[in-house]
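Close look at the chain arrangement
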Amino acid sequence: MAGLVSNLLILFLVFQNICLGFRSPLSVFKRYKETTRLLSNECPGSDRPVISIGLSDFALDIRMRGVTPKQSDTYFCMSVPLPVDDEAYVVDFKPHASMDTVHHMLLFGCNEPSSTENYWDCDKGTCKDKSNILYAWARNAPPTRLPKGVGFRVGGETGGRYFVLQVHYGDVSAFRDKHKDCSGVTLHLTHQKQPLIAGMYLMMSVNTVIPPGEKVVDADIACHYKRFPMHLFAYRVHTHRLGKVVSGYRVRNGQWTLIGRQSPQLPQAFYPVEHPVDVSYDDILAARCVFSGEGRTTETHIGGTANDEMCNFYIMYYMEAQHAVSYMTCTQNANPEMFRNIPQEANIPIPVKSDMLKMMHGHHEETKDTDKSSLLQQAKKEEEEILDQGDFYSLLSKLLGEREDVVRVHKHNPTEKAESDLVAEIANVVQKKDLAREITSHDEGDNTILVRDRIHKFHKLKSTLRPPDHRHFSLQQPKHGEGSWEKEHAGDFHIEEAVEWPGLDLKLGQVSGLALDPENNLVIFHRGDHVWDENSFDSKFVYQQRGLGPIEQNTIIVLNPSNAKLLHSMGKSLFYLPHGLSIDKNGNYWATDVALHQVFKLGANNKEPLLILGVALQPGSDKNHFCQPTDVAVDPITGSIYVSDGYCNSRIIQFSPNGLYVMQWGEETSLGRARPGQFRVPHSLAMIPDFSQLCVADRENGRIQCFRLETGEFMKEIKHKSFGRELFAVSYVPGGFLFAVNGMPYPGEAEPVQGFVMNFSTGEIIDTFIPVRKSFEMPHDVVASADKTVFIGDVHARAVWKFAPTEKMEHRSVKKAGIEVQEIKADGEHKLDSSSGRILGRLRGKGSGGLNLGNFFASHKGYSRKGFDRLSTEGSDQEKDEDDGTDSEEECSAPPPPSAPSSS
């Protein structure tokens, strides 16, 4: 009989491999041997966890190593190394667990596990380096996948090398028979490069307290988003027994857009976002968990045991590969007042049938063992009826038949509206139907037939699924009528950080000025070990730290703009507080020093200045003195010299090529709206030779003013609301492109710090851009080359970024529905179609140390839970949100009166 079974199994595998296109009978037999060996082990995958799937794909089985937890709320961890060295992408997860033994599972990715043991108590931690949550499972949630074309990068030079599985055993009564547990997950990986990278954004309350008997308790979380655009396509909610409903939103300009809303007492799967949601820089992500303390006699805190509570809202997103961030978190409430306007739906519990509730929490409720066992067996049986049919679509397909009109319209007339209706209907089914009621309302036999029928129909239609078409998105979309100029469609021109450029990690002082020499090399002006702070000047703008002497480091460095290789350096023992830098057509350097109150002309190979304007260390406002001059521009045709002067004067001065005073214009800003020709810190100059104009970044007035070179006559103003109150620097590229950077927003204001690309003639904003690595702190100067490569120097971050237009690098536009991907390259377009349904997060193992939430929570007031490190599980080991503030020394002059500008 055993031989007959073996022969039948071999015939089945041969038939399966013929259908799948496998070529070798030897490989079939090898897979058969592997299968039988796996089935013979107590825990599948323990001997041979890797199974080849075709030429480029493989499966990795990650299972607990036959553990028997002895006490409730035990957390066990184990690790599995990535079996390949080269880069791969995870595209699918299949869980192997049952809620009657496992409270929840998490899968992390990292470079070094916390232990090398076969398995260990998770109190030791999960990873020694930063860990990312890749996958979460609870309450018999079904398998999940990513959309086609989206992958979770592992291995290679940047991806993680280990997976760490963490399993929380809530109630160990199921282990009275001392059986060994093999719960885990199977990963499907591919070597095929994925054009989009997914990630996970975790929102989690850390300090909620639920009073005993309190009928309604809200836990609110909200954070500003400060990165490149991301597109949300799935969500998951998590609380313990007291949670009634969890809702998540994007808030933009006061408008609340629903991401997802679900009862945490239903299977905790990742559900598709009903309408695709994009999140841009400075949007707010907000979530609310609604609890009830009824039935409790003591306070309930956030914690890691089954009797504690949690408030988690997971968001699955994807980003373009060059911008991708694998994992982000939000653990605070940045704006409690905003929740007064939260949609009413967030406060309405989603009803769950009482028998379903008992089934979900049977191992925690005081029910008879026989009733509990019956409920759990029934739940497991019903779960298997669905999950054995395939993947996550099985849950959807079971209920989709009631809206076959939507399917029929899409299938035979696949218009944009039909597509969006279909996607919305699928999401509606998953979000709004009580799955337990649907399951239990059918006879077992009828239910199986219904499931198979729905699966057949759904898998026929899902291959035709496409999202609404969206063109390439830009970072910011200003509202109609914003500022003096309206942003119009500007094609596919877009500026992005050149992340491969190594110049960001240069060891620099405060970076104050940038320029490009005639060979297009990058020249950086920095302050070495000197700092401009509140002690630098007295109330009359006289430098107070002369005793330090001049800067002993070379303050001018010349770099190859492609690889940041040092080509030349100079400026040692010459400057006290460098500020502005420009280079004329002959390659001479023009620099300003705000401590010396002087302007210098330097030859590229001369140690001594060729020309000095102003009197050293003496501020003034006549023809021979400056007061903290900020920048210089030289007319390439006439050689005339223009100086912006400056922090304590409000004027532009013109000199002849040999340094003789010619004329000046400008005055201090009067009360009320700044008039043309008035300045409040003329901070940066841009020569516009095409139009014989000079443009000035009027910093504290948040605008650009342009003047005629010959006469100083005012020509125009460029001002946008998105500039905010400060505009620091401006640069011009022949052909009509103007580049600028603004300042950090004032308290209570929302305009982000970013770079701008503008049409000089019309003033319209063509594009905005921010960095991927680090963040702008105080971008101080900008310079752009003829090919529109842009460099920005930051005085507080002490860094220089390189940005380039996307036609110079590979670029992919993104479809907002997460189903269709469009690759755009300089030589044309290539489309990749895909189907919806796979959900996952992206792994990048190596990085800066993350935050251990066990210690984080323990440090918060009111928390005294023992052993809280275990919470670094269902929402933990995540990276702390970046603080918007900075500890950098503020670049400033002597303490000014309240109406005076800050300095830099």
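Brief notes about the overall build of the protein
On a plain count of helices and strands, the protein comes out with 10 helices and 51 strands. Looking at the protein as a whole, 58% of its 904 residues qualify as buried. Considering only intrachain contacts with a sequence separation of at least 6, the fraction spanning at least 24 residues in the protein is 69%.

Details of the sheet that holds strand β34 (residues 651–655)
Taken in spatial order, the 4 strands of this open sheet run β32-β33-β34-β35, and their pairing is antiparallel. Bordering the open sheet on either side are β32 (629–634) and β35 (661–665), each of which pairs with just one other strand. Taking each pair of neighbouring strands and ignoring which way they run, the sheet shows an average axis angle of 20 degrees.

Quick look at the state of the cysteines
With the rule as written, the count across this model stands at 6 disulfides. Disulfide partner of Cys-627: Cys-648, at an S-S distance of 1.8 Å. Judged by the sign of its S-S torsion, about -100 degrees, the cystine formed by Cys-627 and Cys-648 is left-handed. Placement of the pair is Cys-627 in the loop between β31 (611–613) and β32 and Cys-648 in the loop between β33 (641–645) and β34, with a sequence separation of 21 residues. Of the residues examined, Cys-648 reaches a relative accessible area of 17% and is grouped as buried.

With respect to the side chain of Gln-598
Relative to the helices and strands, Gln-598 resides in strand β30 (residues 598–602). Look at Gln-598 and you get buried, because its relative accessible area is 7%. Sequence-distant contacts of Gln-598, that is, excluding residues within four places in its chain, are made with Ala-591, Thr-592, Asp-593, Ile-612, Leu-613, Gly-614, Val-615, Ala-616, Phe-626 and Pro-629.

As for the sheet that holds strand β17 (residues 255–262)
Strand order across the open sheet formed by 4 strands is β14-β19-β16-β17, with antiparallel pairing between neighbours. Strand pairing shows two members of the sheet lacking a second neighbour, β14 (217–224) and β17, which therefore form its edges. Strand-to-strand, the axes of this sheet are offset by a mean angle of 20 degrees, without reference to chain direction.

What to know about the pattern of salt bridges
In the structure shown here, the tally under the stated rule is 21 salt bridges. Two residues, Asp-61 and Arg-63, come together in a salt bridge whose shortest N-O distance is 3.3 Å. A residue is classified by how much of its surface remains accessible, and Asp-61, at 13% relative accessible area, is buried. Where Arg-675 meets Glu-667, a salt bridge forms, and the shortest distance between an N and an O atom there is 3.7 Å. For Arg-675, a relative accessible area of 45% translates into the label partly exposed.

What about the pairing of strand β27 (residues 566–570)?
Pairing between strand β26 (residues 556–559) and β27: 4 bridges, direction antiparallel. Directly across from Val-558, in β27, lies its bridge partner His-568. Between β26 and β27, which pair antiparallel and follow one another directly, the connecting turn spans 6 residues, one of which, Ala-564, has a positive phi of 65 degrees.

Section: the nonpolar core
With 96 residues, the main nonpolar core has Ile-62, Leu-107, Phe-163, Leu-189, Tyr-201 and Met-230 as its most contacted residues. Apart from residues no more than four positions distant in its own chain, Met-230 is found in contact with Tyr-201, Tyr-225, Val-277, Asp-278, Val-279, Leu-285, Tyr-317, Tyr-318, Met-319 and Met-328. Of all hydrophobic cores here, the second largest spans 26 residues; its members include Val-150, Leu-202, Met-204 and Phe-270.

Here's the deal with the environment of Asn-535
Its place among the elements puts Asn-535 in the loop between β25 (522–526) and β26. Residues Asn-535 and Gln-545, spaced 10 residues apart in sequence, show a C-alpha to C-alpha distance of 8.0 Å. Not counting residues within four places of it along the chain, the set of residues in contact with Asn-535 comprises Gln-544 and Gln-545.

Some remarks on the pairing of β32
Buried residues dominate β32, accounting for 6 of its 6 residues. Here β32 pairs with β33 via 5 bridges, running antiparallel. If you follow Ala-633 over to β33, its bridge partner there is Tyr-642. Counting the residues that bridge the hairpin from β32 to β33 gives 6 residues, and of these Gly-639 lies at a positive phi of roughly 80 degrees.

Observations concerning the packing of aromatic side chains
Applying the stated rule across the entire model yields 28 aromatic pairs. Here the aromatic rings of Tyr-249 and Trp-256 are separated by 5.5 Å at their centres, their planes lie at 80 degrees, and the arrangement is edge-to-face. For Tyr-249, a relative accessible area of 1% puts it in the buried group. If you follow Lys-716 out to its NZ or CZ, it ends over the ring of Phe-760, 3.7 Å from the centre.

With respect to the environment of Met-105
Relative to the helices and strands, Met-105 resides in strand β5 (residues 104–110). For the pair Met-105 and Trp-137, spaced 32 residues apart in the sequence, the C-alpha separation amounts to 5.1 Å. Ignoring sequence-local partners within four residues, the contact set of Met-105 consists of Pro-95, Ala-97, Tyr-135, Ala-136, Trp-137, Leu-165, Gln-166, Val-167, Ser-183 and Gly-184.

Some words on unusual backbone geometry
Cis geometry marks the peptide bond from Asp-645 to Gly-646; its omega dihedral reads -5 degrees. Within the secondary structure, Gly-646 is located in the loop between β33 and β34. Positive phi, normally seen in glycine, also occurs at Asn-520, with a value near 70 degrees. When you line up the elements, Asn-520 lands in the loop between β24 (511–516) and β25.

Quick look at the confidence of the model for the protein
Mean pLDDT over the protein stands at 74; residues scoring 70 or higher make up 68%. When the criterion is pLDDT under 50, residues 1–41 qualifies, and its contacts beyond four places in sequence or with other chains add up to 26 contacts. A low-confidence stretch, residues 892–900 stays under pLDDT 50, and its non-local contacts, those more than four residues away or across chains, total 17 contacts.

Here's the deal with the environment of Met-99
Residue position: Met-99 is located in the loop between β4 (88–96) and β5. On the accessibility criterion, Met-99 (3% relative accessible area) is buried. With 40 residues separating them along the chain, Met-99 and Arg-139 place their C-alpha atoms 5.3 Å apart.

Reading the values: rules and limits
Residues numbered from 1 in each chain as written. Predicted model: local features only at pLDDT ≥ 70, side-chain atom pairs only at ≥ 80, totals over all residues. Heavy atoms only, no water. Helix = DSSP H or I, 4+ residues; strand = E, 2+ residues; numbered from the N terminus. Buried < 20%, exposed > 50% of the residue type's maximum accessible area, 1.4 Å probe, protein only. Contact = heavy atoms within 4.5 Å. Pairing = 2+ DSSP bridges. Axes fitted to C-alpha atoms, helices over the stretch in contact; angles between N-to-C directions. Disulfide = S-S within 2.5 Å. Salt bridge = Lys/Arg side-chain N within 4 Å of Asp/Glu carboxyl O. Core = buried A, V, L, I, M, F, W, Y, C linked by side-chain atoms within 4.5 Å. Phe/Tyr/Trp six-rings, centres within 6.5 Å; stacked < 30°, edge-to-face > 60°. Lys NZ or Arg CZ within 6 Å of the ring centre and 35° of its normal. pLDDT = per-residue confidence, 0-100.

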